[in-house]
Amino acid sequence: MFKISPLTAVPMENIIEDFQQEIQEPGALKSFFQGLPEKALHLGGRVLLALLVFIIGVQLIRLIRKIVKKSMNRAGAETGAVQFVDSFIKAALYVLLVLMIAASFGLQAASIVAVLGSAGVAIGLAVQGSLSNLAGGVLILLLKPFRVGDYIVESSTGHEGTVTEIQIFYTRLLTADNKTVILPNGQLANNSIVNITSQKERRMDIVVGISYQADLKRAKEVLETVLREDEAVLKEKDMLVFVSDLGSSSVNLGVRCWFGQEDFWAGKWRVTENCKLALDAAGIEIPFNQLDVHVH
């Protein structure tokens, strides 16, 4: 700070008088208002030009994305890979478009890069989650633990559903009851995933309890007949009926067979129902829980 000596101090009345004189005299303020219409017209032209560039840029981005999609589909690329590359190109081109528009207003790209570089640590901390999701998306694309159309279960949260989209930062699932679940790619890459539909066939296991007084061999024959007569059961695979365990109120029989992935749920429900109907027709009891009380 500058220190004014008492000998050179100017009275406040003289300062106010000088300021009033400068306001009355034509100066910088008058020149500013005289040039304001021209500057506003110039700025308006720049804004219109930037808007035109943005509209044209958006259309070009859509065209480029469309061409890339068609090229990848012709090459037989997976749907997930197409979706990931499309989202990456979209983000990159929009950033480039914004930099071009900023440059048209006099903001140099080098200045932006310098500012981003100086604030690199803060920006890195702020977007570390997004960078993790981006890296996870790349890993999913390269390692292919699942693909679009697979039914997966994510271990940490228990979310499950059919994969509908693999984007640059997230993966979208559709649940069996038609709910959409959005999972970050970083979470999927760092946790266990159960891919239920990765194989063409799937094994079905159900447990049927029969009474201890029932004919065990006859019950097994009845259940084996149910499996042989079901058209969707894969006959070249194992079809087994076995004693699973001896329960407190029933002899539990395991019923095991194989279905194609597309037939699994309908086949499991049908076989379960037919086991009950066949045992009823054969007069074999399926008991409920019982408790014998002895009074001495």
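Just above sits the structure.
The shown structure was predicted, so the numbers you read here are calculated from the model rather than taken from an experiment.

So, on to helix α8 (residues 216–229). With 14 residues, α8 ought to run about 20 Å at 1.5 Å a step, and its terminal C-alpha atoms sit 20 Å apart, in line with that. Ala219, Val222, Leu223, Val226 and Leu227 are the residues of α8 that are buried. Down the axis of α8, the smallest arc covering the buried residues is 140°, so these residues share one side. Summarising the geometry of α8, the exposed residues directed more than 90 degrees from the buried face are Lys217 and Glu229. Of the surrounding secondary structure, the elements contacted by the buried residues of α8 are β6 (201–210), β7 (240–246), β8 (251–260) and α9 (264–281).

The strand order across the open sheet built from five strands is β4-β3-β2-β1-β5, with neighbouring strands paired in antiparallel fashion. Looking at the sheet topology across the chains shown, the edges are occupied by β4 (180–184) and β5 (193–195). Geometrically, the sheet is characterised by an average inter-axis angle of 40° between neighbouring strands, direction not taken into account. Pairing analysis gives five bridges linking strand β3 (residues 170–174) to β4, with the strands arranged antiparallel. Across the sheet, residue Tyr170 finds its bridge partner in β4, namely Pro184.

One can find Ser192 in the loop between α7 (185–189) and β5. When neighbours within four sequence positions are excluded, Ser192 is seen to be in contact with Val153, Glu154 and Ser155.

A word on empty space enclosed by the protein. Taken as a whole and assessed by the stated rule, the structure comprises one cavity of 30 Å³ or more. Counted as a void, the largest cavity has a volume near 60 Å³. Considering the residues around the largest cavity, the lining is formed by Glu78, Gly80, Ala81, Ile140, Leu141, Lys144, Phe146, Arg147, Val148 and Ile166. Among the secondary structure elements, those contributing two or more residues to the lining of the largest cavity are α3 (79–104) and α6 (128–143). Its residues placed into classes, the lining of the largest cavity shows six nonpolar, one polar and three charged.

A few words now on the nonpolar core. By size, the foremost hydrophobic cluster in this structure holds 22 residues, and its most contacted members are Met204, Phe259, Val271 and Leu279. Of all hydrophobic cores here, the second largest spans nine residues; its members include Ile152, Val181, Leu183 and Leu188.

Even without glycine at this site, Lys144 takes up a positive phi of about 55°. The residue Lys144 is located in the loop between α6 and β1 (151–154) in this model. The backbone of Asn178 sits at a positive phi, close to 65°, despite the residue not being glycine. Overall, Asn178 belongs to the exposed group, its relative accessible area being 60%.

Judged by how many residues are buried, β8 sits mostly within the fold: eight of 10 residues are covered. The pairing of β6 with β8 spans 10 bridges and is classified as antiparallel. Along β8, the bridge assignment pairs Arg202 with Phe259. In this structure, β7 lies alongside β8, joined through six bridges in antiparallel fashion. Note on β8: the bridge partner recorded for Val243 is Leu253.

What links the strands of a sheet is backbone hydrogen bonding, and the strands pair in either a parallel or an antiparallel sense. Here three strands make up an open sheet; going across it, the order is β6-β8-β7 and the pairing antiparallel. Unpaired on one side and paired on the other, β6 and β7 mark the two borders of the sheet. On average, each strand axis in the sheet is inclined to that of its neighbour by 30°, with strand direction left out of account. Packing against the sheet, α8 makes contact with β6, β7 and β8, and its axis sits at approximately 15° to β8. Along the sheet, α9 makes contact with β6 and β8, crossing β6 at roughly 25°.

What counts and how
Residues numbered from 1 in each chain as written. Predicted model: local features only at pLDDT ≥ 70, side-chain atom pairs only at ≥ 80, totals over all residues. Heavy atoms only, no water. Helix = DSSP H or I, 4+ residues; strand = E, 2+ residues; numbered from the N terminus. Expected span 1.5 Å × (residues − 1). Buried < 20%, exposed > 50% of the residue type's maximum accessible area, 1.4 Å probe, protein only. Arc of directions from axis to C-beta. Contact = heavy atoms within 4.5 Å. Pairing = 2+ DSSP bridges. Axes fitted to C-alpha atoms, helices over the stretch in contact; angles between N-to-C directions. 1 Å grid on protein atoms, 1.4 Å probe; cavity = no way out; pocket = protein on both sides within 12 Å on 5 of 7 lines; lining within 4 Å. Points joined across faces, edges and corners; volume = space filled by probe spheres on them. Nonpolar A, V, L, I, M, F, W, Y, C, P; charged D, E, K, R; others polar. Core = buried A, V, L, I, M, F, W, Y, C linked by side-chain atoms within 4.5 Å.

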